Amino acid sequence: MIVKKLHESGIRSEHAYAAAFASIGLSVISWCVSLSVEKKGEERADRWGIFVGEWAPTFFGLGLALHNYEK
């Protein structure tokens, strides 16, 4: 079971929640950086922001699974 292995390795639900919130911030930062540095247009920046933004639900899901396992 993946959640059991994560818990045994020291990862707690708080860590997953923190990673989720960090990925939301990283999504905004990656969009801004891509928009200003790459000069490939807003579409490319949108793709970067969406790509990184998709990590947040995964981390929130892991956080919920770890929280339930910790109970």
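Residues numbered from 1 in each chain as written. Predicted model: local features only at pLDDT ≥ 70, side-chain atom pairs only at ≥ 80, totals over all residues. Heavy atoms only, no water.

**Details of the pattern of salt bridges**
Then, number 1: Counted by the stated rule, this structure contains one salt bridge.
Then, number 2: Measuring nitrogen to oxygen at the nearest pair gives 3.3 Å for the salt bridge that ties Arg44 to Glu38. (Salt bridge = Lys/Arg side-chain N within 4 Å of Asp/Glu carboxyl O.)

**Details of the confidence of the model for the protein chain**
Then, number 1: Considering every residue of the protein chain, the mean pLDDT works out to 92; 100% of them sit at 70 or more.
Then, number 2: By mean pLDDT, helix H3 (residues 42-53) is the weakest element of the protein chain at 86, and helix H4 (residues 55-70) is the strongest at 96. (pLDDT = per-residue confidence, 0-100. Helix = DSSP H or I, 4+ residues; strand = E, 2+ residues; numbered from the N terminus.)

**Looking at the packing of aromatic side chains**
Then, number 1: Evaluated as defined, the whole model comprises four aromatic pairs.
Then, number 2: Here Tyr17 and Phe60 contribute two aromatic rings whose centre-to-centre distance is 6.3 Å and whose plane-to-plane angle is 40 degrees, an arrangement assigned as tilted. With Tyr17 in helix H2 (residues 13-38) and Phe60 in helix H4, this pair connects stretches of sequence that are 43 residues apart.
Then, number 3: Look at Tyr17 and you get partly exposed, because its relative accessible area is 23%.
Then, number 4: On the basis of relative accessibility, which here comes to 27%, the residue Phe60 falls in the partly exposed class.
Then, number 5: Between Phe21 and Phe60, the aromatic rings sit 5.2 Å apart at their centres with planes inclined by 90 degrees, giving edge-to-face as the arrangement. With a gap of 39 residues between them, Phe21 in helix H2 and Phe60 in helix H4 connect regions that are remote in the sequence.
Then, number 6: Phe21 gets classed as exposed once you look at its relative accessible area, which sits at 56%. (Phe/Tyr/Trp six-rings, centres within 6.5 Å; stacked < 30°, edge-to-face > 60°. Buried < 20%, exposed > 50% of the residue type's maximum accessible area, 1.4 Å probe, protein only.)

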